[in-house]
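The lines below spell out each chain.
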Amino acid sequence: MKKARLSGVLNLAAWTFTPGQRGKPKLVIENNSFFRTKGDTQRSYWSCSAYKSKKCKCKVVTHRNSLVVKYTHKSHTHPNEYNDLSKINLIDVDINEFYDKPVGGAAFEVKKEPSL
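Below you will find a few notes about this structure. (Residues numbered from 1 in each chain as written. Predicted model: local features only at pLDDT ≥ 70, side-chain atom pairs only at ≥ 80, totals over all residues. Heavy atoms only, no water.)

## Comments concerning unusual backbone geometry
At step 1: Backbone geometry at Glu-30 places phi at a positive 50 degrees, although glycine is not the residue there.
At step 2: Looking at Glu-30, the relative accessible area reads 44%, which means it is partly exposed.
At step 3: Not every positive phi belongs to a glycine, and Asn-31 is a case in point at roughly 70 degrees.
At step 4: Taking relative accessible area as the criterion, Asn-31 reaches 21% and is therefore assigned partly exposed. (Buried < 20%, exposed > 50% of the residue type's maximum accessible area, 1.4 Å probe, protein only.)

## What to know about the environment of Leu-85
At step 1: In this fold, Leu-85 is placed in the loop between β7 (68-73) and β8 (91-92).
At step 2: Along the chain, Leu-85 and Val-28 lie 57 residues apart, while their C-alpha atoms are 9.1 Å from each other.
At step 3: The contact partners of Leu-85, leaving out residues within four places of it in the chain, are Val-28 and Asn-31. (Helix = DSSP H or I, 4+ residues; strand = E, 2+ residues; numbered from the N terminus. Contact = heavy atoms within 4.5 Å.)

## Looking at the pattern of salt bridges
At step 1: Under the definition given, this model contains 2 salt bridges.
At step 2: In this structure, the salt-bridge partner of Glu-81 is Lys-26, at a minimum N-O distance of 3.7 Å. Here Glu-81, found in the loop between β7 and β8, pairs with Lys-26, found in strand β3 (residues 25-29); they are 55 residues apart in sequence, far enough to count as distant.
At step 3: Residue Glu-81 is classed as partly exposed on the basis of its relative accessible area of 35%. (Salt bridge = Lys/Arg side-chain N within 4 Å of Asp/Glu carboxyl O.)

Structure representation (structure tokens):
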């Protein structure tokens, strides 16, 4: 018997990114980060950053010109990555770059947040 996949839709107020270990931006949603796995000119597919280390199957899909995130697998297999989002290093990234560049392509232009 196949397990039912938990899915859902989430409306975000804005995109939040943090720098990845190798310089590529990671998308932060609900206290967890995601890396881009594939995409085209209209969609980007993201997997939980704990995909390999904790075998987490949580995945999301984003769409161009939309702040809606669709979960294709909602449950994480681990505690939240971030307990306090105010303490993470946020970076300014144009989400549209994810729909214009191939996965594994050139690094994204990251704009540093001004220090307060």
